[in-house]
Amino acid sequence: MQDQILIEMKGVQKWYGGYQALRNVDLTVRRGEKIVLCGPSGSGKSTLIRCINRLEAIQQGSIVVNGHRLDDSIKAIDVVRQDVGMVFQSFNLFPHMTVLQNCMLAPIRARRISKTEAEATAQKYLERVHIGDQAEKYPAQLSGGQQQRVAIARALCMQPKVMLFDEPTSALDPEMVKEVLDTMIGLANDGMTMICVTHEMGFARQVADRVIFMAEGQIIEEGAPDAFFRNPQHTRTKQFLGEILAHH
Amino acid sequence: MTPHFGLPEFGFLMRGLQWTVLLTLVAFVGGCTAGLIVALLRTCGRTTVEWIVRIYIGIFQGTPLLLQLFVVYYGLALLGLKLSAFVAVAIGFTVNASAFLGEIWRGAIQAVPRGQTEAAMALGLHYSSRMRDIVLPQAIRIALPATIGYLVQLIKGTSLAAIVGFIELARAGQIVSNQIYQPLLVFGVVGAMYFILCWPLSWWGSRVEARLALAAQR
C-alpha cells in the first residue's frame with residue numbers, strides 16, 4: 001500500500017508556442033510521499049504540477065493519476081481533478097462567498113453530497129486548519145495567512161488523494177509564512193501525498209521525502225533532503241542552493 | 001377657444017410615457033437574456049463560435065439602429081411577416097441590445113481574474129457551475145455600472161421607434177405640440193419626463209460604480 005504509485009509522468013513535453021516549458025519529464029510519486037520541487041523562476045516547476053490536474057495540457061508523454069490516464073476527454077479530466085487538490089500562490093478564494101461557502105461549493109456541486117454533510121465536512125477541515133471560528137467571514141476580512149489556510153481546507157473538503165502546492169507562501173507577509181507551513185507540516189504528518197513547489201528549504205528538510213531540482217523545463221537532480229542539501233551533484237543545483245540559502 | 005396644454009394633452013403624454021417604459025422593459029429584459037447568451041458564446045473558447053458571435057456583434061454595433069428597425073418592420077413585411085409596430089420595434093431593440101449588452105458582459109467575464117476559474121477547475125467544478133457560481137456573480141458586479149448606463153441610453157433611444165409609426169413619449173410630444181402650437185412647453189414637459197426616468201438610474205449607476213471602486217481598493 002505504501003509503495004503504490006499515485007502519479008506517474010512519462011516523457012512529458014510541454015510547449016507554449018515555440019517555447020518549451022517541460023522537456024521530457026519523468027516523475028513517479030508514491031502514495032504518502034512528500035515531494036518538494038524547487039528551481040529558478042521559469043524552470044517549469046509550476047507548469048509541471050499544473051499539468052497533473054490538467055490546468056495545462058501537455059503535447060507529448062503520458063500522465064497517470066491514481067490509475068486514471070489523463071487525456072483530453074472531459075471524463076478523464078473530471079476523475080483526475082476529483083483526486084487532486086491544489087493550493088495557489090494567490091489563494092484564489094471566491095471573494096463573493098463566505099469561508100464556509102468556499103469550502104462547501106465543490107463537494108456539493110462536484111461530489112453531489114448533501115448540504116448538511118458538506119457543511120459538517122467544511123467545518124471539520126476549517127477547524128483542522130485552526131480557522132473554524134472564521135467560517136462566516138468573507139475572504140477579504142481575513143489575513144493572507146488565514147486565507148491560505150482556508151484555501152487548504154477548501155481543497156481538503158474534496159478529500160483528494162494528493163495535494164499540489166504552487167508556491168503557497170510566496171505571496172504572504174513574512175510573519176504569516178509559519179502558520180501556513182505549520183498547517184502543511186500537519187497535513188504531511190497525517191500521511192497526505194504532497195507535491196510542493198516552494199523555496200522554503202527549512203520545510204523541505206523537515207517534511208520532504210525527496211527534493212527535486214528543475215531548470216529550463218528539466219529535472220536536473222533529485223534526492224533525499226539530507227543528501228540533496230549536503231552534497232548536490234550538479235553545478236546548477238549548487239549555484240541555486242548557494243543563492244537561495246544565502247537569503248535564508 | 002385656442003387649444004392649450006390641459007389634462008387631455010397631459011394624459012396623452014402619459015400614455016406615450018407608458019409605451020416608452022414598456023418598450024424599454026421588453027427590450028432590456030429580452031436584451032439581457034439574449035446578451036447573456038451572446039457573452040457566453042463569445043467567451044466559450046471555440047474559435048469558430050466566437051467568430052460567428054463577433055460578426056453578429058459587429059453587424060449590430062456597426063449599423064445604425066434606425067436601419068435595423070426599418071429592416072425588422074418593413075423588411076420582414078416584404079417577406080410576408082407583418083408585425084405590429086410594437087412587436088417590430090421590440091424585436092429590433094432586443095436584438096440590438098443583445099449585441100451591446102453582450103459586449104459589456106463579455107468584457108466583465110474576462111475581467112474576472114483567471115485564478116478564479118483555475119481554482120474552480122482544480123476543485124473539479126464543471127463549466128456550468130464555474131459560470132453560475134463563480135464567474136457570473138463577480139462579472140455582474142463589474143458590469144453593473146455599464147449596464148445601468150446602457151439602460152439609460154436605451155430609454156432615450158426608444159424615441160427612434162417613432163420612425164415606424166410607434167407612438168411613444170417623444171412622438172406623443174410631437175403630436176401634442178403640433179396641436180397646440182406650444183413646442184417649448186410641450187417638449188419641456190416631455191424632457192422632464194425623460195429626466196425623471198433617467199436621472200435616478202444614472203445616479204444609482206454612479207453610486208454603484210463608486211462602491212465598486214472602493215471595494216477594489218481594499
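As a reminder, the structure under discussion sits directly above these lines.
Attention here is on the structure that accompanies the text. Along each chain, residues carry numbers from 1 onward, in the same order as the chain's sequence is written. Lettering of chains starts at A and numbering of ligands starts at 1, both following the order in which they are written. Side-chain atom pairs in this predicted model are given and counted only at pLDDT of 80 or more, local residue features only at pLDDT of at least 70, and totals for whole chains, interfaces and linings cover all residues. The basis for every side-chain value is the complete set of non-hydrogen atoms in the structure, without hydrogens or water.

Below, the discussion takes up the packing of helix H5 (residues 114-122) of chain B against helix H6 (residues 127-157) of chain B. All names here are of chain B. Fitted lines through C-alpha atoms give the axes, limited to the stretch in contact for helices. The angle between two N-to-C directions lies from 0 to 180 degrees. Elements are defined by DSSP. Helices are runs of H or I of four residues or more, strands are runs of E of two residues or more, and each kind is numbered from the N terminus. Closest axis-to-axis distance for the H5/H6 pair is 10 Å, and the angle between their directions is 165 degrees. One way to sum up the angle between H5 and H6 is to call them roughly antiparallel. Crossing geometry of H5 relative to H6 is assigned as right-handed. On H6, the residues that touch Gln 116, Thr 117, Ala 120 and Met 121 of H5 are Arg 130, Ile 134, Val 135 and Gln 138. When the residues that make up the contact of H5 with H6 are grouped by side-chain class, the tally is four nonpolar, three polar and one charged. For classification purposes, an angle smaller than 35 degrees is called roughly parallel, one larger than 145 roughly antiparallel, one from 65 to 115 roughly perpendicular, and anything else oblique. Crossing handedness: left-handed means the near helix sits turned counterclockwise from the far one by under a right angle, and right-handed means the same turn made clockwise. We call two residues in contact when some of their heavy atoms are within 4.5 Å. Residues were grouped as follows: Ala, Val, Leu, Ile, Met, Phe, Trp, Tyr, Cys and Pro as nonpolar; Asp, Glu, Lys and Arg as charged; and all remaining residues, including Gly, as polar.

Before going further, it helps to examine helix H6 (residues 174-189) of chain A. Residue and element names in this part refer to chain A. Expected helix span is given by 1.5 Å per residue-to-residue step, counting one fewer step than there are residues. Counted at 1.5 Å a residue, the expected span for H6 with its 16 residues is 22 Å, and the 23 Å between its end C-alpha atoms agrees. Looking only at H6, the buried set comprises Met 176, Val 177, Val 180, Leu 181, Thr 183, Met 184, Ile 185, Leu 187 and Ala 188. In this fold, the buried residues of H6 make contact with strand E3 (34-38), helix H4 (115-128), helix H5 (144-156), strand E7 (162-166), strand E8 (193-197) and helix H7 (201-207). At the C-terminal side of H6, Gly 191 shows a positive phi close to 100 degrees. Accessibility here uses a 1.4 Å probe with only protein chains present; expressed as a share of the type maximum, an area under 20% marks a residue as buried, one over 50% as exposed, and anything in between as partly exposed.

Residue and element names in this part refer to chain A. What the six strands build is an open sheet, ordered E6-E7-E8-E3-E9-E10; its pairing is mixed. Pairing within the sheet leaves two strands with one partner each, and these edge strands are strand E6 (84-87) and strand E10 (218-223). Each strand axis lies, on average, 20 degrees off the axis of its neighbour in the sheet, ignoring direction. Pairing between E7 and E8: five bridges, direction parallel. In the strand pairing of E8, Leu 164 is matched with Ile 195. Across the sheet, helix H2 (residues 74-83) touches E6 and E7, and the angle it forms with E6 is around 65 degrees. Across the sheet, H6 touches E3, E7 and E8, and the angle it forms with E8 is around 150 degrees. Each pair of strands is called paired provided DSSP finds at least two bridges between the two strands.

So, about empty space enclosed by the protein. Note on definitions: the grid is 1 Å and covers protein atoms alone; a cavity is a set of points where a 1.4 Å probe fits but cannot get out; a pocket is an open set with protein on both sides within 12 Å along at least five of seven lines; lining residues have an atom within 4 Å of a point. Grid points are joined across faces, edges and corners, and a volume is the space filled by probe spheres set on the points. Considering all chains together, one arrives at two cavities of 30 Å³ or more under this definition. When its volume is computed, the largest cavity comes out at roughly 40 Å³. As for the largest cavity, its lining consists of Arg 81, Gln 82, Val 84, Gly 85, Met 86, Ala 155, Met 158 and Pro 160 of chain A together with Ala 122 and Leu 123 of chain B. Where the lining of the largest cavity is concerned, the elements lending two or more residues are H2 and E6 of chain A. Looking at the lining of the largest cavity, the element that brings in the most residues is E6 of chain A, giving three residues. Tallied by class, residues from the lining of the largest cavity come to seven nonpolar, two polar and one charged. Considering the residues around the second largest cavity, the lining is formed by Met 86, Val 87, Phe 91, Ala 151 and Arg 154 of chain A together with Ala 119 and Leu 123 of chain B. Of all the secondary-structure elements, those providing two or more residues to the lining of the second largest cavity are E6 and H5 of chain A. In terms of residue class, the lining of the second largest cavity is made up of six nonpolar, no polar and one charged.

Residue and element names in this part refer to chain B. Here helix H3 (residues 65-78) contains 14 residues, and its C-alpha end-to-end distance of 19 Å stays within 8% of the 20 Å for a straight helix at 1.5 Å per residue. We define the bend at each residue as the angle formed by axes fitted to the 7 residues ending at it and the 7 residues starting at it. Its axis deflected by about 30 degrees at Val 71, H3 carries its strongest bend there. Turning to H3, its buried residues number three or more, namely Leu 65, Gln 68, Leu 69, Val 72 and Tyr 73. Packing partners of the buried residues in H3 comprise helix H2 (47-62) and helix H4 (85-111). Following H3 by one or two positions, Gly 80 has its phi on the positive side, about 95 degrees.

Counting residues at the interface gives 18 residues for chain B, matched by 21 residues for chain A. By definition, the buried area sums, over both parts, the 1.4 Å-probe accessible area that each loses when the two are put together. In total, about 1700 Å² of surface goes out of reach between chain B and chain A, with carbon and sulfur atoms giving 60% of it. Taken as a group, Glu 118, Ala 122 and Leu 123 of chain B account for 33% of the area that chain B buries against chain A, more than any other trio of residues on that side. The term salt bridge refers to a pairing of a side-chain nitrogen on Lys or Arg with a carboxyl oxygen on Asp or Glu at a separation within 4 Å. For the pair chain B and chain A, the number of links is two salt bridges.

Residue and element names in this part refer to chain B. Along the polypeptide, Glu 9 turns up in helix H1 (residues 7-42). Just so you know, the count uses Lys and Arg for positive and Asp and Glu for negative, and it drops His and the chain ends. Arg 15 provides the closest opposite charge to the buried, salt-bridge-free Glu 9, at an N-O distance of 10 Å. When residues no more than four places from it in sequence are discounted, the contact partners of Glu 9 are His 4, Val 176 and Ile 180.

Here the focus is the pairing of E8 of chain A. Residues and elements named next belong to chain A. Counting buried residues along E8, five of its five residues qualify, which places the element largely inside the surrounding structure. For E3 and E8, the ladder comprises four bridges, and the chain directions are parallel. Among the inter-strand pairings, Ile 35 is bridged to a residue of E8, identified as Ile 195. Clockwise travel from the first strand over the helix to the second, with the strands pointing away from the viewer, marks a crossover as right-handed. Assessed by its sense of winding, the connection that carries the chain from E7 through H6 to E8 is right-handed.

Here the focus is the packing of aromatic side chains. Any Phe, Tyr or Trp ring, taking Trp's six-membered ring, that has another such ring centre within 6.5 Å forms a pair; planes under 30 degrees apart are called stacked, those over 60 apart edge-to-face, and the others tilted. Counted according to the given criterion, the structure contains ten aromatic pairs over all chains. An angle of 75 degrees between the planes, with centres 4.9 Å apart, marks the rings of Tyr 73 of chain B and Tyr 74 of chain B as edge-to-face. You can call Tyr 74 of chain B partly exposed: its relative accessible area is 42%. In textbook terms, an aromatic cluster arises when at least three aromatic residues are bridged by ring pairs, as seen for Trp 19, Phe 86 and Phe 166 of chain B. Above the face of the Tyr 16 of chain A ring, Lys 14 of chain A is positioned so that its terminal group lies 4.6 Å from the ring centre. To sit over a ring, a charge needs its Lys NZ or Arg CZ within 6 Å of the ring centre and within 35 degrees of the ring normal. The cationic tip of Arg 205 of chain A hangs over the ring face of Phe 229 of chain A; the distance from NZ or CZ to the ring centre is 4.5 Å.

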